[in-house]
Amino acid sequence: MTEQEIRAVLAVAMAYDNRKPGEATVAAWAEAAHRGRWAFTDAVEAVHAHFAESTAWLMPGHVTQRLRAMRSGPAAMAELLALPAGQPTAPERVRSIVDAVAGRMGWVRAVADPAALGVLDQACPHCHAGPGRPCTREIARGRRRGELVALAAPHPSRSRDLAAAHTSTGPEWTP
Ligand SMILES: [Zn+2]
């Protein structure tokens, strides 16, 4: 699973128990996901299943156990969704699944959608567009050389920083 997928799984857990996963949590879960051979959609389903039935604080081991049980069952979630198990999922696919989860829970679109997160509320580390300003690029050639043009989508690093900020809120997690 990709780091983005790990964050999405943690975001689902966060919706249930208000945990504040930081970078160390993401790294630890990524390690557990690797060892337990998690697949993204199955892991999301396992988190939902856990909270539907258990009051225990969700640990990666709970997810691994549920995935094992699911794999020995009739049809794994990945098969139902026609996804290759164990393969990294396309970012768009991750987003659509998180959106579906959000809709199902009547919850925030906030976790995976940069627009909903307010990407433009902070300065861009790449092009240094200020808060509230769109990202820009400089025209390299021709008569308008040196002019700045606004981009339709913010630079990826702008939303990546923001996503990081949203998953590491406690001061103990600041590097
Ligand atoms: Zn930018």
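See the structure shown above.
Reading the values: the criteria
- Here the residue numbering is sequential within each chain, running from 1 through the sequence in written order.
- With pLDDT at 70 or above as the cut-off, local features in this predicted model cover only qualifying residues; side-chain atom pairs require 80 or more to be listed or tallied, and sums for whole chains, interfaces and linings still use all residues.
- With hydrogens and water stripped out, all remaining heavy atoms of the structure feed into the side-chain values.
- Sodium, potassium and calcium take a 3.2 Å donor cutoff, other metals 2.8 Å, and in both cases only N, O and S atoms count; water is not among them, so sites may look incomplete.
- Any coordination sphere not matching a tetrahedral pattern (four donors, all angles between 85 and 135 degrees) or a square planar or octahedral pattern (four or six donors, opposite donors over 155 degrees apart, other angles between 65 and 115) is reported as irregular.
- A run of H or I in DSSP counts as a helix once it spans at least four residues, and a run of E counts as a strand once it spans at least two, with each numbered from the N terminus.
- Ring geometry is summarised as follows: Phe, Tyr and Trp rings, the Trp one being its six-membered ring, pair when their centres sit within 6.5 Å, and such pairs are stacked at plane angles under 30 degrees, edge-to-face over 60 and tilted between the two.
- Per-residue accessibility, obtained with a 1.4 Å probe over protein chains only, is compared with the maximum for each type, and a residue is labelled buried under 20%, exposed over 50%, and partly exposed between these values.
- Every residue pair with non-hydrogen atoms within 4.5 Å of one another is taken to be in contact.
- The span one expects for a helix is its residue count, reduced by one, times 1.5 Å.
- The directions from the helix axis to the C-beta atoms are what the arc is built from.

Novice: So what about the coordination of the zinc ion? Which residues, and what values?
Specialist: In this structure, C124 (SG), C127 (SG), C135 (SG) and H155 (ND1) serve as the protein donors to the zinc ion, at separations of 2.0 to 2.3 Å. If you look at the zinc ion, its four donor atoms make angles of 105 to 118 degrees with each other, and the shape they trace is tetrahedral. Read in sequence order, the donor residues for the zinc ion give the motif C-x2-C-x7-C-x19-H. Separated by 11 residues along the polypeptide, C124 in the loop between α7 (114–117) and β1 (136–138) and C135 in the loop between α7 and β1 bring together distant segments of the chain.

Novice: Break down the packing of aromatic side chains for me, citing the residues and quoting the values.
Specialist: Summed over all chains, the structure comprises two aromatic pairs. A centroid spacing of 4.4 Å and a plane angle of 10 degrees characterise the contact between Y16 and F51, whose relative ring orientation is stacked. Of the two residues, Y16 sits in helix α1 (residues 3–17) while F51 sits in helix α3 (residues 40–53), which places them 35 residues apart along the sequence. In this structure Y16 comes out as partly exposed when scored by relative accessible area, which is 33%. Ring geometry for W29 and W38: centres 5.8 Å apart, planes at 85 degrees, overall edge-to-face. There is no split in this pair, since W29 and W38 are both buried.

Novice: I'd like a rundown of unusual backbone geometry, residues and numbers included.
Specialist: One non-glycine residue, N18, lies in the positive phi region at around 60 degrees. Relative to the elements of secondary structure, N18 occurs in the loop between α1 and α2 (23–35). Although it is not a glycine, R37 adopts a positive phi angle of roughly 50 degrees. Take R37: it is sitting in the loop between α2 and α3. The exposure class of R37 is exposed, given its relative accessible area of 67%.

Novice: Explain the side chain of H155 to me, and be specific about the residues and the numbers.
Specialist: Position of H155 relative to the elements: it lies in the loop between β2 (148–150) and α8 (156–167). Once you skip the residues sitting within four places of it in the chain, H155 turns out to touch C124, H126, C127, C135 and T136.

Novice: Provide a residue-level description of α2, including the pertinent values.
Specialist: Taking 1.5 Å as the rise per residue, α2 with 13 residues should run 18 Å; its terminal C-alpha atoms sit 18 Å apart, in good agreement. Those residues of α2 not exposed but buried are T25, V26, W29, A32 and A33. Relative to the axis of α2, the buried residues are bounded by an arc of 130 degrees and lie together on one face. For α2, exposure combined with an orientation more than 90 degrees from the buried face picks out H34 and R35. Of the surrounding elements, those touching the buried residues of α2 are α1 and α4 (60–71). Taken from the residues just after α2, R37 is the one with a positive phi, measuring 50 degrees.

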